[in-house]
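A structural walkthrough
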Amino acid sequence: MENEAEDQVFHLPKHTDEGLPRIIPLGDSAVSVIFEAAISPQTHRRVKAVCSRLISAPFTGMIEFVPSFHSVAVYYDGPAVLRAYPHFIAQGEEYYPFPIVAALLEEMLKLADEQADPAPRIVSIPVCYGGETGPDLEFVARYNRLSVEEVIDIHSSADYLVYMLGFAPGFPYLGGLSPAISTPRRPSPRLAIPAGSVGIAGDQTGVYPLETPGGWQLIGRTPVALFRPHAVPPVRLQAGDLVRFYPVSFSEFSAWKDDRL
């Protein structure tokens, strides 16, 4: 791959505040491709399209990329980029990697917007709601003037889009929570939340993959391990998946064998 771009000539893209996405430097060895600021399925599809292109056709010198709600951070090896694209025309700019990477990504963005949107993977996750596994379920019901049964029915009737993973290994930030059960975070976080806890914070829901501190309202717990350090891949969910929760009894929760999912 070192000589793949010997005869290519790149022109420095004009970076302005007009139009999106924007490409900005993150220090001297990374850039951020920023889409619309709003969190939406449409923006998520554009983020996923860029990630797909980076997987299928990475530029020489790229190290890794990290998607978020409405941006993609791309990390690169600066000297490798300079060696791979020696005929880059800097148009008065200093000869450094960022303009080259920005130009490569702008060309990639044109192709990413044209590619088909693949069907999402659907992952069904069992949840034991309430009781010792969901100590905040009754508060969520009272806050929204609903019964506990109505909260469970609403939460387990939606499809949730995995926008990104973060906070802890395998923690999915899920969009699609009904406004009817939106609930603010706890005023003070718990020091330890059991792995598998399902929580609500504002208009989002998520699952704690590890025992960690946290301030989300806990409405249930899944027996399914979302982070398995010795598995390949170690995380159960990926950005772009659709999650469906379904209720199980405490006896089913206790007897669950994790290889069933």
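Residues numbered from 1 in each chain as written. Predicted model: local features only at pLDDT ≥ 70, side-chain atom pairs only at ≥ 80, totals over all residues. Heavy atoms only, no water.

Right, let's get into the confidence of the model for the protein. Overall, the predicted model of the protein reaches an average pLDDT of 85, with 85% of residues at or above 70. The low-confidence segment residues 1-18, where pLDDT is below 50, has 41 contacts with residues more than four positions distant or belonging to other chains. (pLDDT = per-residue confidence, 0-100. Contact = heavy atoms within 4.5 Å.)

Here the amide bond leading from Val-232 into Pro-233 is cis, since omega sits at -5 degrees, within 30 degrees of zero. Summarising the element assignment, Pro-233 is placed in the loop between strand S12 (217-221) and strand S13 (242-247). In the Ramachandran plot, Phe-167 falls in the positive-phi region, its phi being about 70 degrees despite a non-glycine side chain. Assignment of secondary structure puts Phe-167 in the loop between strand S6 (160-165) and strand S7 (172-175). (Helix = DSSP H or I, 4+ residues; strand = E, 2+ residues; numbered from the N terminus.)

What the rule picks out here adds up to five salt bridges. The shortest N-O distance in the salt bridge between Arg-190 and Asp-136 comes to 2.8 Å. With Arg-190 in strand S8 (residues 190-193) and Asp-136 in the loop between strand S5 (122-129) and helix H4 (137-143), this pair connects stretches of sequence that are 54 residues apart. Both residues of the pair, Arg-190 and Asp-136, belong to the buried class. (Salt bridge = Lys/Arg side-chain N within 4 Å of Asp/Glu carboxyl O. Buried < 20%, exposed > 50% of the residue type's maximum accessible area, 1.4 Å probe, protein only.)

Overall, antiparallel pairing links the four strands, which are arranged S1-S2-S4-S3 in an open sheet. Every other strand in the sheet has two partners, leaving strand S1 (22-25) and strand S3 (62-67) as the edge strands with one partner each. If you compare each strand with its neighbour and ignore which way they point, the axes differ by 20 degrees on average. As defined by bridge partners, S1 adjoins strand S2 (residues 30-34) across four bridges and the pair is classed as antiparallel. Bridged to Ile-24 within S2 is Ser-32. (Pairing = 2+ DSSP bridges. Axes fitted to C-alpha atoms, helices over the stretch in contact; angles between N-to-C directions.)

Glancing now at the nonpolar core. Core analysis: the largest hydrophobic core is formed by 25 residues, its most contacted members being Ile-125, Tyr-129, Tyr-160, Ile-219, Leu-237, Val-243 and Phe-245. Broken down by secondary-structure element, the contributors of at least two residues to this core are S5, H4, helix H5 (148-155), S6, strand S9 (197-201) and S13. If you tally residues by element for this core, the top one is S5, at four residues. Contacts of Ile-125, omitting those with residues within four sequence positions, involve Thr-222, Leu-226, Leu-237, Val-243, Arg-244, Phe-245 and Tyr-246. Grouped together as the second largest cluster of nonpolar side chains are 24 residues, Val-31, Phe-59, Ala-102 and Met-108 included. (Core = buried A, V, L, I, M, F, W, Y, C linked by side-chain atoms within 4.5 Å.)

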